[in-house]
Amino acid sequence: MSSYIKPGVAFKKLDAAKLLKQNVYIYGATGYGKTELVRQYFRNDKYIYIPCRQNSCDLSVIPEKSGRFLAVVIDNVNAVESADIRNDIKALCGRKDLWVIIMGRSRMPSWLYDTIITRNMLLITQDDLALSEEGIDKYMRSEGIILTAEELRFQRRCSEGNLYGVKFTAQQLLAGDRIGRELFEKNSAMFQSYLENSIISEMDTEIVDFLLKICIVDDFTEPLARLLTGNSSVLGLIERTLDTGNFIDNKDGVYTLHPQMLRSLRKKAVKELSENGLHHYAILAGGYYEQSGEDDKALDLYAKYSESARIRELLIRNSRKNPESGYYVEMRRYYLMLSDADIESNVYLMSAMSMLYSMLLDFDKSEYWYKKLTEYRDRAKGSGRREATQQIVYLDIALPGRGSLNILELIINCYALLTDKSIPFPEFSVTSNQPSLMNGGKDFCDWSKHDREIAATAGKIVVTFLGKYGKGLVNAALAESFFEKGGDPFEIMSLISKAKLEAEAGGKTELCFAATGTLFRQYIILGDTGNARDLLVSFEKKAGKEGLKRLYPVIQAMQCRISLFEGDMEAVGDWMKTAPDENEYFIAFERYRYLTKIRCYIAMESYDRAYSLIEAMNYYAETCDRKYISMELGILTAIIRFRTGAEWENRFISVLEKICEYRFIPILSSEGGAVYELLRLCESRCAENKKIDRKWFERVLSETGRVARRYPMYLKSGARAVPELQPADIRILTCLADGLSVQKTAEKLNINYETLRSRIKEIYRRLGAKNKTEAVMITREMKLI
């Protein structure tokens, strides 16, 4: 190969293994250059090369004894199915006169696993073989092609460093094509054809049959594979398939075919399985997804195979759930496909459409379907009338567009109405899968003004009305209300513990999530990000065990907020890649993630984007009577306006007046240094403002300052990366953190006093700190001392 690009990591590993006389296992999918790597490595040395085919691997060419250290390369080991040959290969790995290099397509064949581990074989992975951007650039230049940095990134991303893909791209570019999506699709089609004709065709027929049935879905588990294949021993077949090549990933029992292999198998399935056969497997998989509560996946399959009747049946079942357990927004494409006649024929579909449109902030259409539902109730009799009444009661309370005014009165009246008519209470979640009750399904700020009184007088009625969703509600709500007003941390934690125990005893995990959200914020305020992170990890495991994966995105947003407090902009950037795109659809259900995204924008100094999202959120907050969110947005707006030089003070003081009305504290103090300077600047005006209680303001100022000192990098303008500090700098900072004066530090470290003073100034500059206290806080926050 005249234009061979040496994978540096792989060569270094081979050098190390040779020096240590350590056997090697090299793996990678077709096209990553395993065979060529060995050929190039041994280009000036002798070695024995043994290619394997199905039950054919001629090991007789290896002498029984070698007078010197002999290199033996066994290629395509995944093709070997004979137990005798496998044992012979394993025995070779125990010979001290041989340097055995085994190559295969799969990560680690199950039959070779014990040998790789016990013989301490060195692994050269697919990532070690893959071409980097630099490698792709070298190859392209050897072919006379110059790519821009952006084109190189695109090629690396699309080819995943696979040499086949890179070579084909080079050929097409020389033929006049241009880098882009069209060339990528052409490249993909070529590689898929290669996989079908050269790789899949060599596989065992039982494995191919398995793959053709399983490729109907994007990923699979053992139970789903058992259903689709009808094979009760399918786990063994999955293991054999994994041994065949590196084209299936396994994460926690969920198997995912690599995209190119999946597309290649689906093309082959269309040719080899009848249309009825494909339809049959799609229906089987769809049924499995329905039973597993993965309705969105079932709908995708039914839509692909035009199963309109099944789509309608599934949507009707889903519409009987509340929006937090049903996937209204995620399934909106299918709901919006229904005809008006289909929707009007079912009480639950009319209710779902009213709720869906309200969640999408299309209030006219929401009210249209609400009116249709009331008309249905007025003309219906018996069970139909009772069902319609139940759904109307539910919508009266739950519709986002109706706001939160008189919500307690509504619940009490609805409780009396349904009890009188012997109609079951509808399922209603007050959390809306948010880590809050006060700012969950509805805005309950006004309840906080009379929290103990409401808990004593109406608590039992609300809990009874909410059923399972009400267990633990009173204690969780009191805990959050006390927290918002700066209550005693120990009382708050006690209430949270009681709420979680009550919810776990026959209640709903969503309420535990809200209680966990309050505890999470308590830890953050106290400067304990370690416990806050551990809390989220534990709850994520709990949610996973209970199949509540739709809580994951909010949990990840909470983890991102920890990263913001710690100034970890790399982690923040990673989260932003998964954040919802407000420009594609604005969905009220995503409000917690949107609010997190605004803070990320501010930390990244993308103020225009932050302000644009704030405006969209303001519209939602105003139309849906979300007081807490409105106040939160007011704070974030003031921060942006202050940093961009726009007028901020009057608006900020108006927000402070509203927050003071509720006596909320953490809503301000948790913004730390981002808002502390603003509070200081308007302190004199607030002292003269009759709407702002002086003692409340002093406490807000004090606690905000405390949070600012705990998290000096939070939303800090220009915060980007950990500064480069020398070991000597860390020793200096450690001494200062221990309370030593500059003079004592100079004596302890044997440094000239004036030299040390200059060095400390330079350290402060690098940290972006104004003084010793801030420098110590920053370095502690970054875990440098």
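Rules and cut-offs
Residues numbered from 1 in each chain as written. Predicted model: local features only at pLDDT ≥ 70, side-chain atom pairs only at ≥ 80, totals over all residues. Heavy atoms only, no water. Helix = DSSP H or I, 4+ residues; strand = E, 2+ residues; numbered from the N terminus. Expected span 1.5 Å × (residues − 1). Buried < 20%, exposed > 50% of the residue type's maximum accessible area, 1.4 Å probe, protein only. Contact = heavy atoms within 4.5 Å. Axes fitted to C-alpha atoms, helices over the stretch in contact; angles between N-to-C directions. Parallel < 35°, antiparallel > 145°, perpendicular 65-115°, else oblique. Left-handed = near helix turned anticlockwise from the far one by under 90°. Pairing = 2+ DSSP bridges. Right-handed = clockwise from strand over helix to strand, strands pointing away. Salt bridge = Lys/Arg side-chain N within 4 Å of Asp/Glu carboxyl O. Phe/Tyr/Trp six-rings, centres within 6.5 Å; stacked < 30°, edge-to-face > 60°. Lys NZ or Arg CZ within 6 Å of the ring centre and 35° of its normal. pLDDT = per-residue confidence, 0-100. Lys, Arg positive; Asp, Glu negative; His and termini not counted. Nonpolar A, V, L, I, M, F, W, Y, C, P; charged D, E, K, R; others polar.

Below, the discussion takes up helix H16 (residues 308-319). Under the 1.5 Å per step criterion, the end-to-end length of H16 is 16 Å for 12 residues, consistent within 8% with the ideal 16 Å. Among the residues of H16, those classed as buried are Ile311, Leu314, Leu315, Ile316, Asn318 and Ser319. Among the structural elements, helix H14 (275-291), helix H15 (295-304), helix H17 (332-335) and helix H19 (347-359) are those in contact with the buried residues of H16.

What follows deals with the packing of H14 against H15. Running from N to C, H14 and H15 point in directions that differ by 160°, and their axes come no closer than 7 Å. By the angle between their axes, H14 is roughly antiparallel relative to H15. Considering how the two elements wind past one another, H14 and H15 form a crossing that is left-handed. Where H14 approaches H15, its residues Ala282, Ile283, Ala285, Gly286, Gly287, Tyr289 and Glu290 are matched on the opposing element by Asp295, Lys297, Ala298, Leu301 and Tyr302.

In terms of residue burial, strand E4 (residues 98-104) counts as a mostly covered element, since seven of its seven residues are buried. The alternating pattern of E4 places Leu98, Val100, Ile102 and Gly104 on one face and Trp99, Ile101 and Met103 on the opposite face, and all of these are buried. Looking at chain direction, strand E1 (residues 24-27) and E4 are connected through four bridges and run parallel. Looking at the pairing, Val24 lines up with Ile101 of E4. Strand direction decides the pairing type here: strand E3 (residues 70-75) and E4, joined by five bridges, are parallel. Across the sheet, the residue bridging to Val72 is Val100, located in E4. Chirality of the crossover, the property in question, places the unit of E3, helix H3 (residues 83-92) and E4 among those that are right-handed.

Moving on to the environment of Thr169. Inspection of the secondary structure puts Thr169 in helix H8 (residues 163-174). Separated by 18 residues in the primary sequence, Thr169 and Asn187 place their C-alpha atoms 6.8 Å from one another. Those residues in contact with Thr169, other than ones at most four positions away along the chain, are Met140, Gln155, Ile179, Leu183 and Asn187.

Let's shift gears to the pattern of salt bridges. Inspection of every chain in the model, using the stated rule, returns 49 salt bridges. The salt bridge involving Glu307 is made with Arg310; its shortest N-O contact spans 3.2 Å. Judged by relative accessible area, Glu307 falls into the buried class, the value being 17%. Judged by its relative accessible area of 32%, Arg310 falls in the partly exposed class.

What follows covers the packing of aromatic side chains. One pass over the full model with this rule turns up 22 aromatic pairs. Between Phe586 and Tyr594 the ring centres are 4.9 Å apart and the planes differ by 15°, which places this aromatic pair in the stacked class. Put simply, the rings of Phe11, Tyr41, Phe42, Tyr47 and Trp99 touch in pairs and so form one group of aromatic residues. For Arg332, the ring lying beneath its charged end belongs to Tyr585, and the centroid distance is 4.2 Å. Here the basic side chain of Arg561 rests over the ring of Tyr592, its NZ or CZ set 4.1 Å away from the ring centre.

This brings us to the confidence of the model for the chain. Looking at the chain, pLDDT values average 89 and 97% of them are 70 or higher. Within the chain, helix H36 (residues 666-669) carries the highest mean pLDDT (97), whereas helix H22 (residues 407-420) carries the lowest (75).

This part covers unusual backbone geometry. The backbone of Asp252 shows a phi angle near 55°, a positive value even though the residue is not glycine. With relative accessibility at 76%, the residue Asp252 sits in the exposed group. Phi at Asn433 takes a positive value of approximately 60°, unusual for a residue other than glycine. By the secondary structure assignment, Asn433 is in the loop between H22 and helix H23 (445-448).

With that settled, the discussion passes to the sheet that holds strand E8 (residues 254-257). Adjacent strands of a sheet form backbone hydrogen bonds with each other and so pair up, either parallel or antiparallel. What the three strands build is an open sheet, ordered E6-E8-E7; its pairing is antiparallel. The two strands at the open ends of the sheet, each matched to only one other strand, are strand E6 (219-220) and strand E7 (248-251). Bridge count between E7 and E8: four bridges; the pairing is antiparallel. Along E8, the bridge assignment pairs Ile248 with Leu257. Of the strands in this sheet, E6, E7 and E8 are in contact with helix H12 (residues 234-244), which crosses E8 at around 40°.

Now for the side chain of Asp243. Checked against the element boundaries, Asp243 lands in helix H12. No salt bridge is formed by the buried Asp243; the nearest opposite charge belongs to Arg86, separated by 5.2 Å. Those residues within four positions of Asp243 in sequence are excluded, and the remaining contacts are Asn78, Ser106, Met108, Pro109, Ser110 and Trp111.

Spanning 18 residues, helix H34 (residues 627-644) covers 26 Å between terminal C-alpha atoms, matching the ideal 26 Å at 1.5 Å per step. With 14 of its 18 residues buried, H34 lies for the most part within the structure. Taken from the residues just after H34, Gly645 is the one with a positive phi, measuring 80°.

Remark: helix H30 (residues 552-566) packs on helix H31 (residues 569-576), axes separated minimally by 8 Å, with the N-to-C direction vectors making an angle of 155°. Compared by their axis directions, H30 and H31 come out roughly antiparallel. Note on packing geometry: the crossing formed by H30 with H31 is left-handed. Facing H30, whose interface residues are Gln556, Ala557, Cys560, Ser563 and Leu564, H31 presents Ala571, Val572 and Trp575. Taken together, the residues that form the contact of H30 with H31 break down as six nonpolar, two polar and no charged.

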